Amino acid sequence: MDFKLEQKVKVSVTHELSTTILEILKEKEYKKPMIATGTFQLEMPMVKALLKTLEENKIEVCIYDKVVSDPSTDLVNTGASLFVENGCDSIIGIGGGSAIDTARGINIVRTLGGKIEDYVIEKEVPIFCDGLIAVPTTSGTGSELSNAAVVTDIHTHEKLAVLSDNAVSEYAVLCPELTVTMPKGLTISTGLDAFAHAMEGYTSNLSSPITDAICEKVMYLIVKYLPNAVKNGEDLEARERMMVAAALAGWMLNNAGTHVGHSLAHVIGPEYKIPHGAACAYALPGTMLYTASVKAKKIKEIGYILGAKFPENATDSEIGKITSEKFKWFRDEVLGMESFSKLNITKEELLSNAKKVSEERFAGNSPMPITEELAEKLLKEIG
């Protein structure tokens, strides 16, 4: 049967991080977890409290605090070797998408052997990889519920994606207090990354009526609560709603995928050192504009979620333009995202990436064929 929705991850929304993690470890009888994180996260008060709680309960922890943005294949493979050498039995990924992707990669390799790059194309992930507990500290990537581990090849600097429903988290712990210190810029870019997941999943070739309903709700939550989180980082209601929206959007990655907006981001992000969420946000207006040519009804619905108004009998082109402009207003005026022009990247430079965009793996999920010519048009709309 062609199932359209699956969710294997046990999810907890909590204000008690230490208690929740301890309960999970005891329930599963995990005795020695590895914690994959960055040095910054180790200084967070709730993470310090977690480590103290684990120590008091005589649970030995192996800390792997080498996680950085755009984790490399070497970072994952080294972590997997340390996991095995230290006799760990589970892994807690604490941080943004990079930390959780690193933890997922380590969990795959420690379970099945080899190297993480083996699982990009050559090998399947044939069995469920138990033991991954995902603890996000941002609200954007949705890695806690997604089935993707994205790592960077140390030789080619290309982003590689391992995709498998057998590699999802065993548990996801959403604790909004972990996000209250996120800087404004990071709050905006990660929130719009989640919006991109929902918008592209909603209009992809893999969408279905049931994923559509969830994607619509995700976009609604982000439009309603992201401005509050940007305005007041300590607004726990807004932070919790954004964590839920990001997690649901990550879940939709498994079931509806993304398309050319992420192809654009995956190409220009590494090339010009643009953070992934920001690259997605810059790519969204053009993605909406041209997707309207084949999915006008859905693009119009996105416009309504953003608060747009349409003239009676609006053409597909008008729907695309109005929705695109309304998103720009939300991104730039309501949220105050940094202008793309400040990156000083010329249109000529951007257009040189058209072939790469047309060949990027997620472009095939787009509802229209992504030719090199269309990729050029999309690149012209970046910003």
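Residues numbered from 1 in each chain as written. Predicted model: local features only at pLDDT ≥ 70, side-chain atom pairs only at ≥ 80, totals over all residues. Heavy atoms only, no water.

Looking at an unreviewed UniProt entry, the protein carries the name Iron-containing alcohol dehydrogenase, with the source organism given as Velocimicrobium porci. Quoted verbatim from the Sequence similarities (unreviewed entry) heading of the UniProt record, the comment on the protein is "Belongs to the iron-containing alcohol dehydrogenase family." (UniProt positions renumbered as here; feature names shortened; annotations may be inferred.)

A. Main features of the overall build of the protein. In terms of regular secondary structure, the protein is built from 15 helices and 8 strands. For the protein, whose C-alpha radius of gyration is 20 Å, the value lies close to the compact-globule estimate of 21 Å for 383 residues. Of all 383 residues assigned to the protein, the portion counted as buried reaches 57%. Just so you have it, the protein exposes about 16,400 Å², and 51% of that area is on carbon and sulfur atoms. Positive and negative side-chain charges in the protein, numbering 39 and 52 respectively, have mean positions lying 3 Å apart. (Helix = DSSP H or I, 4+ residues; strand = E, 2+ residues; numbered from the N terminus. Rg over C-alpha atoms; globule rule 2.2 N^0.38 Å. Buried < 20%, exposed > 50% of the residue type's maximum accessible area, 1.4 Å probe, protein only. Areas by Shrake-Rupley, 256 points an atom, 1.4 Å probe, with all protein chains shown as cover. Lys, Arg positive; Asp, Glu negative; His and termini not counted. Charge placed at Lys NZ, Arg CZ, Asp CG, Glu CD.)

B. Highlighting the side chain of Ser-143. Take Ser-143: it is sitting in the loop between strand S5 (132-136) and strand S6 (148-152). The class of Ser-143 is buried, set by a relative accessible area of 5%. A polar side-chain atom of Ser-143 sits 3.1 Å from a polar atom in the side chain of Thr-141. (Polar contact = N/O pair within 3.5 Å; in protein donor to acceptor, adjacent residues only side chain to side chain.)

C. Seen up close, the sheet that holds strand S8 (residues 171-174). Here we have 6 strands laid out as an open sheet, ordered S1-S8-S5-S4-S2-S3, and parallel in their pairing. In this open sheet, the two edge strands, each paired with only one partner strand, are strand S1 (10-13) and strand S3 (62-64). Shown here is a sheet whose adjacent strand axes are inclined to one another by a mean of 20°, direction ignored. (Pairing = 2+ DSSP bridges. Axes fitted to C-alpha atoms, helices over the stretch in contact; angles between N-to-C directions.)

D. Highlighting helix H11 (residues 296-306). For H11, the full list of buried residues reads Ala-296, Lys-298, Ile-299, Ile-302, Gly-303, Ile-305 and Leu-306. For H11, the secondary structure elements touched by its buried residues are helix H6 (184-203), helix H7 (209-231), helix H10 (276-291) and helix H12 (316-334). Backbone geometry just after H11 places Gly-307 at a positive phi near 95°. (Contact = heavy atoms within 4.5 Å.)

E. Highlighting the UniProt feature "domain: Fe-containing alcohol dehydrogenase-like C-terminal" (unreviewed entry) in the protein. Within the UniProt annotation, "domain: Fe-containing alcohol dehydrogenase-like C-terminal" (unreviewed entry) is assigned to residues 187-381. Regarding residues 187-381, the helix share stands at 71% and the strand share at 0%, and the terminal C-alpha atoms are separated by 24 Å.

F. Focus on the environment of Ile-127. Of note, Ile-127 is situated in the loop between helix H5 (97-112) and S5. Along the chain, Ile-127 and Ala-167 lie 40 residues apart, while their C-alpha atoms are 8.4 Å from each other. When residues no more than four places from it in sequence are discounted, the contact partners of Ile-127 are Thr-111, Leu-112 and Asn-166.

G. Looking closely at unusual backbone geometry. One non-glycine residue, Lys-58, lies in positive phi territory at about 60°. Here Lys-58 is to be found in the loop between helix H3 (45-56) and S3. Taking the relative accessible area as the measure of exposure, Lys-58 reaches 77% and is therefore exposed. The backbone of Lys-273 sits at a positive phi, close to 55°, despite the residue not being glycine. As for its placement among the helices and strands, Lys-273 is situated in the loop between helix H9 (260-272) and H10.

H. Summary view of the pairing of S6. Of all the 5 residues making up S6, 4 are buried; the element is thus mostly covered by neighbouring parts of the structure. One ladder, built from 5 bridges, connects S6 with strand S7 (residues 159-163); its direction is antiparallel. Bridging across to S7, Ala-148 finds its partner in Leu-163. The antiparallel pairing of S6 with S7 creates a hairpin that spans 6 residues between the two strands, and His-157 there sits at a positive phi of about 65°.

I. How the structure looks around the domain arrangement of the protein. Structurally, the protein comprises domain 1 (10-178) and domain 2 (184-381). The gap between the C-alpha centroids of domain 1 and domain 2 is 27 Å. On the domain 2 side, the residues contacting the 21 residues of domain 1 number 23 residues. Carbon and sulfur atoms make up 65% of the surface buried where domain 1 meets domain 2, a total of about 1,800 Å² over both sides. Considering only the surface of domain 1 that becomes buried against domain 2, Ser-139, Leu-145 and Pro-176 emerge as the three largest contributors, covering 30% of it. In this assembly, domain 1 and domain 2 are joined by 0 salt bridges. At the junction of domain 1 with domain 2, the criterion picks out 3 residue pairs in polar contact (both at pLDDT 80 or more). (Domains from an automatic or database assignment. Buried area = accessible area lost by both parts, 1.4 Å probe. Salt bridge = Lys/Arg side-chain N within 4 Å of Asp/Glu carboxyl O.)

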